[in-house]
Amino acid sequence: MKQKAKSAAALAAACLLAVSLAGCGVIRRPGSTQDAPATTEPTAASDAFGQESVWMVYDDDQIGKDVAVERILAFDGNGNVTAYQCDGATFADLNGLSDEEIIDFAKQQDKAVFNAAKQSAIDRTSETLQGWRDAYSTLDEERSAGTYDTLLEGASPEDLGDDLVYIASTYDTALSNLQGMIATAEEGQEANEATGYQEPQPKPYTLKVTTDSSGNSAASEELTFGYRFLNFYVPTDEFGLDDLDIMNLGQEPYETAGVEQILTDSEETVELSSPIYSTTSIVYDTTFGGYQGLATVVEDVTTEFTWDTVDTEGIEVD
């Protein structure tokens, strides 16, 4: 009898545990590989970005297979995010990928953006430099020969009298300015060619809530994150041989923009859409959810996201 009573008690406990688990259910939180208790409550921004997760920045009203992904953001769960730039990526490219696979894809995309920007800057600078060198050679030959064909457009120097002195001076100044412009562009090109790829690093992000007229409720929320800005040198080709007067400007020397740091830190702010626009979209076999313009992979089509409240710790409030 005691053995039967003990078995019955164990069976009852097992049944109670089974009912309890069934009542909770199991889902995966957005961007996470850990199981968590199910909830019908929307996920606040601070919770969504406060865990390890991967989000895609896009510029469209609705997610679709052909919608471009502009950046991929990898949050580390410790208040930092790594921002990767994308090179022609779409949501179709992310179908079926895990968070780790999306990050690997993001790294490839970021490097492709860098390489394309670098090569474009080198090509454009090379083309402009060649034009300026050709212009210098032509003007120098005209000055040496005393023809000044570019400025005179076929007029005879003998008919100009004292004006020829002014024209000769204009040529001298233009050549001096061109020489300075060429030197600056050559320096810029050296910087372009010497700059190597650097993988993006984690940077702190901020969440800021703007309150309504009462000051007690959120009227909007925004996410601000840092990213690496590519500032390759490309000279502005404002001048041609027909612009000798502009090139002169009556100044000596003509001031040209110098070479700045190519890899610089910048910031981007994404306005988190109203919770009423927190929807999910399915692309092939993958479900994306989040805010308009900012999405992550979710496993439950009912997943919703919302703003933080004014008393949420770790966020800025106006």
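Residues numbered from 1 in each chain as written. Predicted model: local features only at pLDDT ≥ 70, side-chain atom pairs only at ≥ 80, totals over all residues. Heavy atoms only, no water.

Trainee: For this particular structure, what's the right way to read the packing of aromatic side chains?
Mentor: The description of two aromatic rings rests on the distance between their centres and on the angle between their planes. Applying the stated rule across the entire model yields 12 aromatic pairs. Judged by centre distance (6.4 Å) and plane angle (40°), the ring pair of F49 and Y291 falls under tilted. Remark: Y291 occurs in strand β11 (residues 286-291) and F49 occurs in helix α2 (residues 45-49); sequence separation between them is 242 residues. Residue F49 shares its accessibility class with Y291, and that shared class is buried. Clustering of aromatic rings is evident, with ring pairs tying together F49, W55, F75, Y205, Y291 and F305. The residue whose ring lies beneath R71 is Y227, and the NZ or CZ to ring-centre distance is 3.9 Å. (Phe/Tyr/Trp six-rings, centres within 6.5 Å; stacked < 30°, edge-to-face > 60°. Helix = DSSP H or I, 4+ residues; strand = E, 2+ residues; numbered from the N terminus. Buried < 20%, exposed > 50% of the residue type's maximum accessible area, 1.4 Å probe, protein only. Lys NZ or Arg CZ within 6 Å of the ring centre and 35° of its normal.)

Trainee: Would you mind showing me how to read the confidence of the model for the chain here?
Mentor: Low pLDDT marks regions whose predicted coordinates should not be analysed in detail. For the chain, the mean per-residue pLDDT works out to 84, and 78% of the residues sit at or above 70. Scored below 50 in pLDDT, residues 1-37 makes 34 contacts in the model with residues more than four places away or belonging to other chains. (pLDDT = per-residue confidence, 0-100. Contact = heavy atoms within 4.5 Å.)

Trainee: So what exactly am I meant to see when it comes to the environment of R133 here?
Mentor: Assignment of secondary structure puts R133 in helix α3 (residues 99-145). The exposure class of R133 is partly exposed, given its relative accessible area of 36%. The spatial distance from the C-alpha of R133 to the C-alpha of I182 is 7.2 Å, given a sequence separation of 49 residues. Beyond its immediate chain neighbours, meaning those up to four positions away, R133 contacts I182 and E186.

Trainee: Is there a simple way to explain the pairing of strand β6 (residues 80-85) in this structure?
Mentor: If a strand is regular, its side chains alternate between the two faces of the sheet. Counting buried residues in β6 gives 5 out of 6 residues, a clear majority hidden from the surface. Both strand β5 (residues 69-76) and β6 contribute to a ladder of 5 bridges, which runs antiparallel. Residue A74 lies in a different strand from β6, and its bridge partner there is T82. Between β5 and β6, which pair antiparallel one after the other, the connecting turn spans 3 residues, and G77 there sits at a positive phi close to 80°. (Pairing = 2+ DSSP bridges.)

Trainee: Looking at this structure, I do not really get a negative patch on the surface. What am I missing?
Mentor: A contiguous patch of negative charge, built from E52, E100, E101 and D104, is present on the exposed surface. For the negative patch, the element with the highest residue contribution is α3, accounting for 3 residues. Summarising the element assignment, E52 is placed in strand β4 (residues 52-58). Given a relative accessible area of 58%, E52 falls into the exposed group. (Patch = residues over 30% accessible without salt bridge, like charges linked within 9 Å, V, L, I, M, F, W, Y side chains within 5 Å. Areas by Shrake-Rupley, 256 points an atom, 1.4 Å probe, with all protein chains shown as cover. Salt bridge = Lys/Arg side-chain N within 4 Å of Asp/Glu carboxyl O. Lys, Arg positive; Asp, Glu negative; His and termini not counted. Charge placed at Lys NZ, Arg CZ, Asp CG, Glu CD.)

Trainee: Explain the pattern of salt bridges to me, please; I cannot follow it from the model alone.
Mentor: Any two side chains of opposite charge can pair, so long as their charged atoms come close to each other. Under the definition given, this model contains 8 salt bridges. With a shortest N-O distance of 2.9 Å, D66 and K65 are connected by a salt bridge. Its salt-bridge partner being D140, residue R143 comes within 2.9 Å of it at the nearest N-O pair. Placement of both R143 and D140 in helix α3 is noted, with a separation of 3 residues, approximately one turn of the helix. Judged by relative accessible area, D140 falls into the partly exposed class, the value being 24%.

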